Each structure stands twice: as C-alpha cells, then as structure tokens.
Amino acid sequence: MKQETKEYQYDWILWTIIENASVTHDGSVKEYESLLTLIPHFREALDEIIRQGEAGICLMKLMARYLKRCLTAHDEGRKVAFTTFCFSTPVLYAFDVVPIVVEAMTVLGTFIFKRGTGEFLDYCSEVGFTETSCSSQRGALGAYLAGLGVRPDFIVCDSPGICDTNANSYAFASAYLDIPFFQLNHPPTLADERARRYHQADFRCLVSFLEEQTKKTLDIDRLREVLEEVRKQDELICELTEFQRLTPSPVPNIFNLFLYSGTFLMSGTSDFTELLELMLERVRENAARGVAGSRSGGERVRGFFSYIDHYTTDLRFWRWLESREIAHLGCILSSFWQEDAIYAAGRTEAAYAVRTDSVDAMIDSLAAQMSRMPMVKSIRGPYDAPHMWLDDTMLFTRLLKADFVAYIGTMGCRNTWGMVKLLARDLERRGIPTLILYADAFDDRIQSWEAVTDRIGEFLHLRGLTSGEPGLVSSG
Ligand code: SF4
C-alpha cells in the first residue's frame, strides 16, 4: 500500500467527506450550485442523491451520523462489532453495540474515490487472504487490517454455506486482528420445523455471545423498542415495494439503494423510519402524478437485478439506468420477506413476522428475520428448490412486470457462479430475457464500467427491449 494511502484513517475520510456533503444543501440553492463546481470528484454522486429532495438530504445526514457513531463509539463507552450486510442489525442496537457493516464501508469508498478501493483490496492479499474472495468485504477490510479504521471489539456474521467467501473474510479478520468471532449457521432448507428450531437455538447462542462480549444482559424493554421500530419500517418497506408494481414505477431507481443500505446499517433505529417516510412521500407524489421515478418521469423498460447492483464510482450505475429510462425494480438485496410483503402473499412460511408479546417471541422474531435476510434466505439450498433463488426471481419478475433480468456479482460469488447459467437457462425457457454480466460489482479492474454498459446496451438492443440509445438525460 502506498505511503500516502496510509496517511489518513479510511473511516475518518469517509466521515469527513459525507459530513461536509450532508450540509451542502443547508444554504441557498445558489450556494449549493456554486459548491458543486468546487468538488469535481464527488459532484455527480452528491447531486444524484441531493436531487431526490428531502429523502436524499436525510440519507446524507443519516450516513454522516452513522459514520460518526462508528468513530466515537469507544469514547462513548460502546462496543463496536464488525458485521456483514446479511446480518440484521436490531439485535446489535438492542445491546447498544455499533455495527460496522464492512460491505457498506466498501461501497462508500467505491462511490466516493475515483481510484476505487483497489489498494485496500490488494492489501488483504498482501497479508495472506485469498484474492479470489469477495471484493465487497476486501475493499474496506484491507483498510481495517492495515489499522486505518476503528478497531472492532468482536465480529458477528452469518452464512458460511450461503457465501463461503463472505464468511471466510470475517474468520480471517478475526484471526488477523485477534478478536472474538461468532457466526450464525443455517440448514439447507428454510420453511420446515427443523430449520425453524435450528435458527431459534442458534440465535440464542448469539444472544449469549453478545451478553458475554458486552458484559450486559439483554435489555428487554430496549429490545421491544427496537422491534417496534422494525415493525413500522416493515410496513413502510412493504408499501414502497407495492408501488414498484405500477407502470411506470414511481419509485426512483436509487431508492432501492437507499432502502437496502438503510436496512443494513440502521434497521431498528428511528433514523431509518424517518428516511423511509420521506421516501414514501416522494413515491406517493410521483404515483399521484402518474410519472416514473426517473428524472425525466419516463420509463422505457423494466429490469429486475437478480443478485446485487454495480457500485462503480460516482453512482454511475444508477445514473446510467436513469439516462436510458430503465426502471430498476429491485434486486436480491432489497427483498426482506416481511409477512405483509406483496411477494409473501400465499407464502407465509417463507416470511417472518415481528412479535413483541414475550421475550421468547421477540428472540424468535429476530431469528426468523435474520434467516430471511438477502441471500441467507434464498441461496442456502439448491437454486431450483422451493423458496430459493429461481423461485424468488420468477416471483419478483412476474409481480413487478420486469421485462428482463440481469445478474451482477463479484469474482468471489462462487455459490451463484455455480448455478447462474442454469438460472438464466430456466428463466429464458419461461420467456424472460436474462443477462449475465461478468463484471465485479466492487472492482472495475475486472471489467471496466464502459464494458458493462456496452453489454447491457447490446443485450437490450438485441432482445428488442429498447434501442439502447440515451433517453432524455445525458449519460454519466
Ligand atoms: S454472495 Fe457474492 S457479493 Fe455476496 S458476499 Fe458472497 S461473494 Fe460477496
């Protein structure tokens, strides 16, 4: 790693940039526009978020607050846990533990830094971790392994079988940093009694681990408060998803990103409820006007992203979709399987419900929620088994009236690389045009962003879905 890269703490840089960005809109419009000219490297990403109005401004402020909490946790007497996006945060907030969600820290780096997180990715390999692992962890992990971030007190993660490279990253970090480690497990099925009992017992072991690490017993009143907040959030998320069924979809594409990043970082906090309420306000307005959530208000084609999104610098993925008026109808990361979700109708055994009437009910609700987190739910067993990847992708495609499905992953997504061609074949047999992209969502060195857009444009053109030409907005 270059000496200059080591000069500043990675998480501190992210916080200072986002903290400053979050107040750019506090002044007049003229001040804001003049300021954009002074930040050429971050201008497009900032403006893409801020132009979403109250919701965008709120997101920036919440991200700044979240990052500050990570930086100041130890000074304020809180423990810090390293964790993963597929680990649901409410149990950590109930223990007043600050979660550092490693993949989210990577994404912040790829969005903000023109150079991406390549040096940190490579640093992981320099200290002995495999380069074929997932780049979503390695991007930020390299900085933490190099001591360029808050030192976590312990690690909690899940999904050893769902994503071995994800789980290995945390196991490696635990050994390298010499900190305690707890990993939730899972059976290969989801909706049967054996799986349910397994998750509930496993989750109780997690609670014991957290009690041991924090030297606190679980505060039942606090847990109930957090879960009540989750319940409110679930209702709002279900309503948002419902709106995505409309043609045109009134949900701005980037709200998918707001939705899942908020859930990964802040589920169970009142901050996230506020963000969701503001997002819904905007979506309701668009729906009332009968316009799409895009900048132009138009929608030419509808896509469902069957796995993850692309996190190249400057939010170019989102801006490019907008410029082509391609509606983004969500991805695996934006499906959480609340009992009232449109996609859970008739499939209640695959969904979770939040119950707060007893301690056991609360813990069981958390166990059920955790086992339905993105990927944990649907990549655990054979791709074509009930409630698994193919089943869910077909369900979302039909419900949301998607014209096509696209797959984006990372070099480390071995579980899905092993089955994505079969998934694509099965979708195509059912008449759903499906594109497999060979890019790495977090590392442009694998395939350039330009190559990715060429592939998507070519696919849409050849399949007669759109000409692939720019729409009303210039591309990024
Ligand atoms: S499934 Fe892919 S993107 Fe997700 S954590 Fe695993 S390797 Fe990373």
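Residues numbered from 1 in each chain as written. Predicted model: local features only at pLDDT ≥ 70, side-chain atom pairs only at ≥ 80, totals over all residues. Heavy atoms only, no water.

(A) Summary view of the pairing of strand β5 (residues 301-305). Buried residues dominate β5, accounting for five of its five residues. Once you follow β5 into helix α14 (residues 316-323) and on to strand β6 (residues 326-331), the crossover reads as right-handed. The pairing of β5 with strand β7 (residues 404-409) spans three bridges and is classified as parallel. Residue pairing across strands places Phe304 opposite Val405, the latter belonging to β7. (Buried < 20%, exposed > 50% of the residue type's maximum accessible area, 1.4 Å probe, protein only. Helix = DSSP H or I, 4+ residues; strand = E, 2+ residues; numbered from the N terminus. Right-handed = clockwise from strand over helix to strand, strands pointing away. Pairing = 2+ DSSP bridges.)

(B) Structural context of the nonpolar core. Counting residues in hydrophobic clusters, the biggest one holds 147 residues, and the most contacted among them are Met105, Tyr311 and Leu333. Here this core takes eleven residues from helix α4 (residues 54-72), the largest share from any one element. In this view, Leu333 contacts Phe85, Tyr260, Phe264, Tyr307, Ile308, Tyr311, Pro374 and Met375; residues no more than four positions away in its chain are not counted. Ranked by size, the runner-up nonpolar core spans 28 residues in total, among them Phe87, Leu92, Phe95 and Leu366. (Core = buried A, V, L, I, M, F, W, Y, C linked by side-chain atoms within 4.5 Å. Contact = heavy atoms within 4.5 Å.)

(C) Local environment of the site of the ligand. Among the 13 residues in the neighbourhood of the ligand, the closest are listed as Cys134, Cys163, Thr165, Tyr307 and Cys413. Of all the secondary structure elements, the ones that give two or more residues to the shell around the ligand are α8 (135-145) and α9 (164-177). When grouped by side-chain class, the residues that make up the shell around the ligand number seven nonpolar, six polar and no charged. (Near = heavy atom within 4 Å. Nonpolar A, V, L, I, M, F, W, Y, C, P; charged D, E, K, R; others polar.)

(D) Examining helix α12 (residues 254-266) more closely. If you check α12, its first and last C-alpha atoms are 18 Å apart, about what 13 residues at 1.5 Å a residue would give, namely 18 Å. Across the 13 residues of α12, 13 count as buried, placing the element largely inside the fold. Gly268 lies just past α12 and shows a positive phi near 95°. (Expected span 1.5 Å × (residues − 1).)

(E) Region of interest: helix α1 (residues 10-22). Taking 1.5 Å as the rise per residue, α1 with 13 residues should run 18 Å; its terminal C-alpha atoms sit 18 Å apart, in good agreement. Tyr10, Asp11, Ile13, Leu14, Trp15, Thr16, Ile18, Ala21 and Ser22 are the residues of α1 that are buried. In this structure, the buried residues of α1 make contact with α3 (43-50), α4, α6 (102-112), α7 (118-126) and α8.

(F) Structural context of a negative patch on the surface. A cluster of like negative charges, contributed by Glu54, Glu274, Glu277, Glu281 and Glu285, occupies part of the molecular surface. For the negative patch, the element with the most residues is helix α13 (residues 270-289), which contributes four residues. Considering the arrangement of structural elements, one finds Glu285 in helix α13. (Patch = residues over 30% accessible without salt bridge, like charges linked within 9 Å, V, L, I, M, F, W, Y side chains within 5 Å. Areas by Shrake-Rupley, 256 points an atom, 1.4 Å probe, with all protein chains shown as cover. Salt bridge = Lys/Arg side-chain N within 4 Å of Asp/Glu carboxyl O. Lys, Arg positive; Asp, Glu negative; His and termini not counted. Charge placed at Lys NZ, Arg CZ, Asp CG, Glu CD.)

(G) How the structure looks around unusual backbone geometry. Look at the link from Thr247 to Pro248: it is a cis peptide, with omega at -5°. In this structure, Pro248 sits in the loop between α11 (220-243) and α12. Of note in the backbone geometry, Asp96 takes a positive phi value of approximately 60° without being a glycine. Here Asp96 shows up in the loop between α5 (90-94) and β2 (98-101). Judged by relative accessible area, Asp96 falls into the partly exposed class, the value being 35%. Even without being glycine, Lys401 reaches a positive phi, approximately 55°.

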